[in-house]
Protein chains: 2
Amino acid sequence: MKRGLLIIISGPSGVGKGTVRKYFEANKDLNLAYSTSMTTRKPREGEIDGKDYFFVTREQFIQSIQKGELLEYAEFVGNYYGTPLKEVNRLRDEGKNVLLEIEVQGAKQVQEKCPDAISIFIIPPSMEELENRIRGRKSEPEEIVQQRLAKAEKELKLVNQYKYIVCNDDPKLAADLIQTIIYRNIEIEENK
Amino acid sequence: MKRGLLIIISGPSGVGKGTVRKYFEANKDLNLAYSTSMTTRKPREGEIDGKDYFFVTREQFIQSIQKGELLEYAEFVGNYYGTPLKEVNRLRDEGKNVLLEIEVQGAKQVQEKCPDAISIFIIPPSMEELENRIRGRKSEPEEIVQQRLAKAEKELKLVNQYKYIVCNDDPKLAADLIQTIIYRNIEIEENK
């Protein structure tokens, strides 16, 4: 069986990564799988260990980092979140195309560890449009909005690290373009 | 009947516009039409007036420019080449999606005159790759190669003027992406 692809979808916060993904995640032809992340956050009501997340202690997480068991990791609001390499490899070995929808910093780590990853960067049609989206999402204090925008501007400069750039002007089209990229890479892989 | 789209495909010389187009030009579902250009160049053996080109005199061409009858025009090696607006409108009124594969300067003129144009810019995976392609195409004197590269570098800065950017790393994928963009725009137009 052909080993599955590793697909990274990234982009600045507010660009609409989740919205775009909703348009294609149910498409069976893409043969996608989502890797379960590891976190030090406490499980919420109803969350299942090994399904929603691998719930671990801070010590276990740090050990995983030190052993190089994580493809990428980041800390958010005092909790660690990471992608276990073993999980990704297991799914790929089963022939699944593993999709990682991750932040720009995480994407950089994955690209360094897996140069064969299909990396897709979603960009906003313009900074003005991104600002509208960030402001529209929730009413955050002006300071936070400005921080997000400054971060997005910095992240957009990393566009050259990605193999494919997709502009999210129209989420349906962005999703169609991503699917086209995945189909073609499946085809290339099959003809190898 | 819905009016057809106006699609501009442009990009620096050597990027592979023609190669990419060959992958989708026969796709009937795109409902494409190519507008006949006007030129002051003499017809070559077998070329038919009104089919290959509208062959006109220099005086007629200049009159067309002055009357605003050309969507875009340029001079190459002493001859004028241009796109008659009337031709494009006739095809669009018939419901055809008119594809213009044109140089960056021409594309700019069309975008100014037709802000509703679907503009697609093909970029090379890198300047190094573009250099390889320009050098590989024919053995030109180093001076000409350097001129082409300098021109391409300048043209690549105009990327922001385009609605869609497609990287031509793999011509088949670039063609698939362009088709995806056209299909989605047909869909949007039909739902208007």
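The rules behind each value
- Residues numbered from 1 in each chain as written.
- Chains lettered and ligands numbered in written order.
- Predicted model: local features only at pLDDT ≥ 70, side-chain atom pairs only at ≥ 80, totals over all residues.
- Heavy atoms only, no water.
- UniProt positions renumbered as here; feature names shortened; annotations may be inferred.
- Helix = DSSP H or I, 4+ residues; strand = E, 2+ residues; numbered from the N terminus.
- Rg over C-alpha atoms; globule rule 2.2 N^0.38 Å.
- Buried < 20%, exposed > 50% of the residue type's maximum accessible area, 1.4 Å probe, protein only.
- Contact = heavy atoms within 4.5 Å.
- Areas by Shrake-Rupley, 256 points an atom, 1.4 Å probe, with all protein chains shown as cover.
- Lys, Arg positive; Asp, Glu negative; His and termini not counted.
- Charge placed at Lys NZ, Arg CZ, Asp CG, Glu CD.
- Pairing = 2+ DSSP bridges.
- Axes fitted to C-alpha atoms, helices over the stretch in contact; angles between N-to-C directions.
- Buried area = accessible area lost by both parts, 1.4 Å probe.
- Salt bridge = Lys/Arg side-chain N within 4 Å of Asp/Glu carboxyl O.
- Polar contact = N/O pair within 3.5 Å; in protein donor to acceptor, adjacent residues only side chain to side chain.
- Nonpolar A, V, L, I, M, F, W, Y, C, P; charged D, E, K, R; others polar.
- Phe/Tyr/Trp six-rings, centres within 6.5 Å; stacked < 30°, edge-to-face > 60°.

Chain A appears in an unreviewed UniProt entry as Guanylate kinase from Floccifex porci. Looking at the Subcellular location (unreviewed entry) heading of the UniProt record, one finds this comment for chain A: "Cytoplasm". You can read under Catalytic activity (unreviewed entry) in the UniProt record for chain A the words "GMP + ATP = GDP + ADP".

Engineer: Explain the overall build of chain A to me, and be specific about the residues and the numbers.
Structural biologist: Counting its regular elements, chain A contains seven helices and nine strands. Computed over its C-alpha atoms, the radius of gyration of chain A comes to 17 Å, within 12% of the 16 Å expected for a compact globule of 192 residues. Along the three orthogonal principal directions, the C-alpha set of chain A runs to about 50 × 45 × 30 Å. Across the 192 residues of chain A, 45% fall into the buried class. For chain A, contacts bridging at least 24 residues in sequence account for 69% of all contacts bridging at least 6. As displayed, chain A offers around 10400 Å² of accessible surface, 49% of which is attributable to carbon and sulfur atoms. For chain A, the distance from the average position of its 30 positive side-chain charges to the average position of its 31 negative side-chain charges is 3 Å.

Engineer: Outline the sheet that holds strand E5 (residues 70–76) of chain B, listing residues and values.
Structural biologist: Residue and element names in this part refer to chain B. Overall, mixed pairing links the four strands, which are arranged E4-E3-E6-E5 in an open sheet. Because the sheet does not close on itself, it has two edges, and the strands there are strand E4 (53–55) and E5. Neighbour-to-neighbour, the strand axes of the sheet open up by a mean angle of 25°, direction not taken into account. Relative to strand E6 (residues 79–84), E5 runs antiparallel, the two being bridged by six bridges. The residue bridging Glu 72 from the neighbouring strand is Thr 83, located in E6. Across the sheet, helix H3 (residues 85–93) lies against E4, E5 and E6, angled at about 30° from E6, the strand it touches most.

Engineer: Go over the pairing of strand E1 (residues 6–10) of chain B, please, and point to the residues and values.
Structural biologist: Residues and elements named next belong to chain B. Of all five residues that make up E1, five are buried, and the element is covered over most of its length. What you see with E1 is no split at all: Leu 6, Ile 8 and Ser 10 on one side and Ile 7 and Ile 9 on the other are buried throughout. Across four bridges, E1 lies against strand E7 (residues 97–101) in parallel orientation. Across the sheet, residue Leu 6 finds its bridge partner in E7, namely Val 98. Summarising the sheet, E1 and strand E8 (residues 118–123) pair through four bridges and their orientation is parallel. When the sheet's bridge partners are listed, Ile 7 is paired in E8 with Ile 118.

Engineer: Provide a residue-level description of the UniProt feature "binding site: ATP" (unreviewed entry) in chain A, including the pertinent values.
Structural biologist: Residue and element names in this part refer to chain A. Annotation from UniProt places "binding site: ATP" (unreviewed entry) at Gly 11, Pro 12, Ser 13, Gly 14, Val 15, Gly 16, Lys 17 and Gly 18. Tracing the chain through its elements places Gly 11 in the loop between strand E1 (6–10) and helix H1 (17–22). Classification of Gly 11 as buried rests on a relative accessible area of 0%. Each residue touching Gly 11, except ones within four places of it in the same chain, is listed here: Lys 17, Ile 102, Glu 103, Val 104, Phe 121, Ile 122 and Glu 155. Structurally, Gly 16 is set in the loop between E1 and H1.

Engineer: Just give me the short version of the interface of chain A and chain B, but keep the residues and values in it.
Structural biologist: Taken together, the contacts link 13 residues of chain A with 13 residues of chain B. Buried area between chain A and chain B, both sides added, is near 1200 Å², and the carbon and sulfur share of it is 64%. Linking chain A to chain B there are six salt bridges. A salt bridge links Glu187(B) to Lys172(A), with the shortest nitrogen-to-oxygen separation between them at 3.5 Å. Summed over the shared surface of chain A and chain B, the number is five residue pairs in polar contact (both at pLDDT 80 or more). Here the side of chain A that touches chain B takes nine residues from helix H7 (residues 171–190) of chain A, the largest share from any one element. Along the lines of polarity and charge, the residues of the side of chain A that touches chain B split into five nonpolar, one polar and seven charged.

Engineer: Please set out the packing of aromatic side chains residue by residue, giving values where relevant.
Structural biologist: All names here are of chain A. As enumerated under the stated definition, the model contains 14 aromatic pairs over all chains in all. Between Tyr 73 and Tyr 80, the aromatic rings sit 6.2 Å apart at their centres with planes inclined by 65°, giving edge-to-face as the arrangement. Relative accessible area serves as the criterion here: at 30%, Tyr 73 is assigned to the partly exposed category. Using a relative accessible area of 13% as the deciding quantity, one classes Tyr 80 as buried.

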